[in-house]
Amino acid sequence: MGLLTAAALLLTAYLGLSIDAAHHHLLPLDRDVRAWVQPMRSGGLDLSMETVSLLGEPAGLVPLILLSSVLLWRSSRRWAVLLPMVMAGTGALQVVGKWAADRPRPNAAPWGFPSGHVLSLVVFFGVVAFLLVTLSERRRRFRILACLPCAAIVSLVAASRIYLDMHWLSDVIGGFVLRTAYLLFALWAHQRLFVPRPAAVATESVSAASAA
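Residues numbered from 1 in each chain as written. Predicted model: local features only at pLDDT ≥ 70, side-chain atom pairs only at ≥ 80, totals over all residues. Heavy atoms only, no water.

Before going further, it helps to examine the overall build of the protein chain. Regarding its fold elements, the protein chain presents 9 helices and 0 strands. Going through the 212 residues of the protein chain one by one, you find that 38% of them count as buried. Nonlocal contacts in the protein chain, meaning residues at least 24 apart in sequence, comprise 78% of its contacts between residues at least 6 apart. Within the structure as shown, the protein chain displays about 12,100 Å² of accessible surface, and the carbon and sulfur contribution to it stands at 69%. (Helix = DSSP H or I, 4+ residues; strand = E, 2+ residues; numbered from the N terminus. Buried < 20%, exposed > 50% of the residue type's maximum accessible area, 1.4 Å probe, protein only. Contact = heavy atoms within 4.5 Å. Areas by Shrake-Rupley, 256 points an atom, 1.4 Å probe, with all protein chains shown as cover.)

Now for unusual backbone geometry. Peptide bonds are, in most cases, trans, and in most cases residues other than glycine have a negative phi. Across the junction of F113 and P114, the peptide omega takes the value -10°, indicating a cis bond. Locating P114 in the fold gives a position in the loop between α5 (77-101) and α6 (116-135). One non-glycine residue, A108, lies in positive phi territory at about 80°. Structurally, A108 can be placed in the loop between α5 and α6. Residue W111 is not a glycine yet carries a positive backbone phi of 55°. By the element assignment, W111 lies in the loop between α5 and α6.

D30, V33 and V37 are the residues of helix α2 (residues 28-37) that are buried. Around the axis of α2, the buried residues are gathered within 75° of arc, so they sit on the same side. Exposed side of α2, more than 90 degrees from the buried face: P28, R31, A35 and W36 are the residues found there. (Arc of directions from axis to C-beta.)

Taken as a whole, this structure holds 4 aromatic pairs when the rule is applied. Just above the ring of Y163 sits the side chain of R41; from NZ or CZ to the centre is 5.3 Å. Here the guanidinium or amino end of R179 rests over the ring plane of Y182, the centre of that ring lying 5.3 Å away. (Phe/Tyr/Trp six-rings, centres within 6.5 Å; stacked < 30°, edge-to-face > 60°. Lys NZ or Arg CZ within 6 Å of the ring centre and 35° of its normal.)

When the pLDDT values of the protein chain are averaged, the result is 87; 89% of them are 70 or greater. In the model of the protein chain, helix α9 (residues 198-211) stands out as the element of lowest mean pLDDT, 44, in contrast to α2, which has the highest, 94. (pLDDT = per-residue confidence, 0-100.)

Here the focus is the pattern of salt bridges. If you walk through the whole model with that rule in mind, you get 3 salt bridges. Residue D46 pairs with R41 through a salt bridge whose shortest N-O separation is 3.3 Å. Taking the relative accessible area as the measure of exposure, D46 reaches 16% and is therefore buried. Taking the relative accessible area as the measure of exposure, R41 reaches 30% and is therefore partly exposed. Among the ionic pairs, D171 bridges to R103, the shortest N-O distance being 2.4 Å. In this pair, D171 sits in helix α8 (residues 169-194) while R103 sits in the loop between α5 and α6, placing the two residues 68 residues apart along the sequence. (Salt bridge = Lys/Arg side-chain N within 4 Å of Asp/Glu carboxyl O.)

Now for empty space enclosed by the protein. Scanning the entire structure with this criterion turns up 1 cavity of 30 Å³ or more. It is α2 that contributes the most residues to the lining of the largest cavity, 3 residues altogether. Of the residues in the lining of the largest cavity, the class split is 5 nonpolar, 2 polar and 3 charged. (1 Å grid on protein atoms, 1.4 Å probe; cavity = no way out; pocket = protein on both sides within 12 Å on 5 of 7 lines; lining within 4 Å. Points joined across faces, edges and corners; volume = space filled by probe spheres on them. Nonpolar A, V, L, I, M, F, W, Y, C, P; charged D, E, K, R; others polar.)

Moving on, we get to the packing of α6 against α8. Viewed as axis vectors pointing N to C, α6 and α8 meet at an angle of 40°, and their least axial separation amounts to 8 Å. Taken as axis vectors, α6 and α8 run oblique relative to one another. As α6 packs across α8, the resulting crossing turns out to be right-handed. Between α6 and α8, the residues in contact are V118, L119, S120, V122, V123, G126, V127 and F130 and V172, G175, F176, L178, R179, T180, Y182, L183 and L187, respectively. Tallied by class, residues from the contact of α6 with α8 come to 12 nonpolar, 4 polar and 1 charged. (Axes fitted to C-alpha atoms, helices over the stretch in contact; angles between N-to-C directions. Parallel < 35°, antiparallel > 145°, perpendicular 65-115°, else oblique. Left-handed = near helix turned anticlockwise from the far one by under 90°.)

Glancing now at the state of the cysteines. Considering all chains together, one arrives at 0 disulfides under this definition. Among the cysteines around C147, which has no disulfide bond, C150 carries the closest sulfur, lying 5.8 Å off. (Disulfide = S-S within 2.5 Å.)

This brings us to the side chain of S160. Relative to the helices and strands, S160 is located in helix α7 (residues 140-163). Of the residues examined, S160 reaches a relative accessible area of 0% and is grouped as buried. Among the polar contacts made by the side chain of S160, one reaches the main-chain carbonyl oxygen of V157 at a distance of 2.6 Å. (Polar contact = N/O pair within 3.5 Å; in protein donor to acceptor, adjacent residues only side chain to side chain.)

See the structure below:
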């Protein structure tokens, strides 16, 4: 029940952020962060940040999902099928969240809250990190270290969205909170539906022994 409880707490926090966003409220740091970041912009850095930001767009995310499903097919056909389904859910959640809040971006474009890039990548790389820890046969230290690039990519894309003036800091935080709640719920549902509980395993073992 730990995953479900954490998901519920994060969802509650997100609802609070979403209510503020729906009234076009900003966090106290939103304008300060924008004022600090925007003077740093330059042509070369803009191109780098735009390239990084592509990872959170369909042109970058869809190939990542398809490649991951292909690579997963041998080790876990279940997750090879579930990953695209879970990611499809993020798209629907993103549209609903943006429509409900309807807060403009810092560049005045519509539908800024929550950040869809961060929202999608948190789920994708969260699942990747989960699979690295649970499916890999390498040593525990290696598996944990292998998760660090996942966190680094999500952080870099989040920074790129603020740098490119596409999102406020609170948009990014909202995307992270909502997607983490969704990710935890998805992992909880996976455990409930597909991972045998100890009691069930013990019952099956006793039944098999009796039949023998």
